[in-house]
Every structure is written in C-alpha cells, then in structure tokens.
Amino acid sequence: MTFRTARRRPPRGLQRWLWRAPIWLYRLGLGFLFGRRFLLLNHVGRKTGLPRQAVVEVADYDPQSNSYLIASGFGVNSDWYRNLQKTPEVRIQVGRKVMRARAELLSPQESGEAMVQYARKHPLAAQQLSRVMGLTVDGSEESYRHAAELYIPFVRLHVQA
C-alpha cells in the first residue's frame, strides 16, 4: 500500500468563491442540474447560529434507510462538518426536493469502509477527492480505507419523515 499526504486546507479567497458558486445555482432554482450526484446542505453556524450552506457530493444514497452519504473533502476542519458536530439537524435539497435530515458523523472505521465502497463505485472521483485532500493513494482498497480513517470523515444524512 502506498499512501502519502500533503494535506490541503479548505479554499480561501477567489478559490473559495469558485467552490461555493454551485450554491447560487440552487438559489436560482437550478439545483436539478446536479441531479442526485450533489446536494445543497443547509446547516447552522456553530459560532453565529446563522444559516449556512454548502454543496457537497453524494457518495451514496440508501433507499432502504432513505439516507445520503457525504464526505468532508477537507477533513474535520471543514466549516460545514464542524457545524454538524454542534447542530446535526439540517435541511437538504437534492434536485428540486427539499427535506429535513439529521446528520450522523461516522466513526473513522465506518468512514474507511464508506470510502472503499465509494472508490468501487466511482474510482475516478475517489482519486480526485484524494488529490483535493493532498493525499496520494495507490488505488488499493487498503490505501483508500487508510486515507478516510485518518483524513476524510463521512456523514450519513438520515431524511426525516
């Protein structure tokens, strides 16, 4: 297994603005353009208590439990991830559908397994996610598992009735 890290921080300045641009598409009613591959996460700021938004990739959807699996591409220091630690009740929008959900932060071991499953379904996206994080993986399941256990926390969003 080959695994190296040169961890990256969440984007700042102009790069942050570009990363957040998809939020405006949702606000303009164009969220359907992302299909079920991305969702708009509406959450509460941990310090301010103000509404916050982030567009995140859907790693998996489980129709049995009606839950969405997402990953924090910038680790435990992502603002949205830290906000969910404090206030797990969120609203999500997938396409045009808006739903209430409760966030469950997965353990490092659960995140490792989720990353392996994600890499099986979306090998190119898994490589890109690792690269964005500044991680170098060799493509083996063990290297993906190790990367997620250490640096890429996953969250399960349970849709509320």
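Residues numbered from 1 in each chain as written. Predicted model: local features only at pLDDT ≥ 70, side-chain atom pairs only at ≥ 80, totals over all residues. Heavy atoms only, no water.

**Q** What exactly am I supposed to notice about the overall build of the chain here?
**A** Secondary structure summary: the chain contains five helices and eight strands in total. Its helices and strands taken in sequence order, the chain reads β-α-β-β-β-α-β-β-α-α-β-α-β from the N to the C terminus. Seen along its three principal axes, the alpha-carbon backbone of the chain occupies a region of about 45 × 40 × 30 Å. Counted over contacts in the chain with a minimum sequence separation of 6, partners at least 24 positions apart contribute 66%. A total of about 9,100 Å² of accessible surface is found on the chain, and carbon and sulfur atoms cover 53% of it. (Helix = DSSP H or I, 4+ residues; strand = E, 2+ residues; numbered from the N terminus. Contact = heavy atoms within 4.5 Å. Areas by Shrake-Rupley, 256 points an atom, 1.4 Å probe, with all protein chains shown as cover.)

**Q** Even after reading the chapter, I still don't get the packing of helix H3 (residues 108-121) against helix H4 (residues 123-132), so can you show me in this structure?
**A** When two helices pack together, their arrangement is given by the angle between their axes and by how far apart the axes lie. Orientation of H3 relative to H4, taken along the N-to-C sense of each, is 130 degrees, at an axis distance of 5 Å. Compared by their axis directions, H3 and H4 come out oblique. In this structure, H3 uses Met115, Tyr118, Ala119, Arg120 and Lys121 to contact H4, whose residues at the interface are Pro123, Ala125, Ala126, Leu129 and Ser130. Across the contact of H3 with H4, the residue classes tally to seven nonpolar, one polar and two charged. (Axes fitted to C-alpha atoms, helices over the stretch in contact; angles between N-to-C directions. Parallel < 35°, antiparallel > 145°, perpendicular 65-115°, else oblique. Nonpolar A, V, L, I, M, F, W, Y, C, P; charged D, E, K, R; others polar.)

**Q** Hey, could you run me through the pairing of strand E2 (residues 38-44) in this one?
**A** The side chains of a regular strand alternate between both faces of the sheet. Summarising burial for E2: five of the seven residues are buried, a large majority. As judged from the seven bridges shared by E2 and strand E3 (residues 51-62), these two strands associate in the antiparallel manner. Residue pairing for E3: Leu40 is matched across the bridge by Val55. By the bridge criterion, three bridges tie E2 to strand E5 (residues 89-94) in an arrangement that is antiparallel. (Buried < 20%, exposed > 50% of the residue type's maximum accessible area, 1.4 Å probe, protein only. Pairing = 2+ DSSP bridges.)

**Q** Explanation requested: the sheet that holds E3 in the structure shown.
**A** Whenever strands of a sheet pair, they do so through backbone hydrogen bonds, lying parallel or antiparallel. Around the barrel, six strands lie side by side as E2-E3-E4-E8-E6-E5; this closed barrel has antiparallel pairing. Within this sheet the neighbouring strands show an average axis-to-axis angle of 45 degrees, counted without direction.

**Q** I tried to follow the environment of Val98 on my own but got confused; where do I start?
**A** With respect to the helices and strands, Val98 occurs in strand E6 (residues 97-105). Distance in space between the C-alpha atoms of Val98 and Asn42 is 10.0 Å, their sequence separation being 56 residues. Not counting the four nearest positions on each side in its chain, Val98 is found in contact with Arg91, Ile92 and Gln93.

**Q** Mind showing me how you'd approach the nonpolar core here?
**A** For soluble globular proteins, nonpolar side chains are generally found buried alongside one another. In this structure, Met115, Tyr118, Ile152 and Phe154 are the most contacted members of the largest nonpolar core, which totals 20 residues. Elements with a minimum of two residues in this core: strand E4 (67-71), H3, H4, strand E7 (135-137) and helix H5 (141-151). With sequence-adjacent residues up to four places away left out, Phe154 is seen in contact with Ala59, Leu69, Ile70, Ala71, Glu104, Leu105, Leu106, Ser111, Ala114, Met115 and Ala148. Of all hydrophobic cores here, the second largest spans 19 residues; its members include Leu39, Leu41, Val58 and Val159. (Core = buried A, V, L, I, M, F, W, Y, C linked by side-chain atoms within 4.5 Å.)

**Q** I'm lost on the packing of aromatic side chains in this one. Help?
**A** Using the criterion set out here, one finds four aromatic pairs in the structure. Ring centres 5.3 Å apart and planes at 10 degrees place the aromatic pair Tyr26 and Phe34 in the stacked group. With respect to burial, Tyr26 and Phe34 carry one shared label: buried. Ring centres 4.6 Å apart and planes at 40 degrees place the aromatic pair Tyr61 and Tyr68 in the tilted group. With a relative accessible area of 30%, Tyr61 lands in the partly exposed category. Here the aromatic cluster, defined as three or more aromatic residues joined through ring pairs, consists of Tyr26, Phe34 and Phe38. For Arg27, the ring lying beneath its charged end belongs to Trp24, and the centroid distance is 4.5 Å. Lying across the ring of Phe32, Arg96 places its NZ or CZ 4.2 Å from the centre. (Phe/Tyr/Trp six-rings, centres within 6.5 Å; stacked < 30°, edge-to-face > 60°. Lys NZ or Arg CZ within 6 Å of the ring centre and 35° of its normal.)

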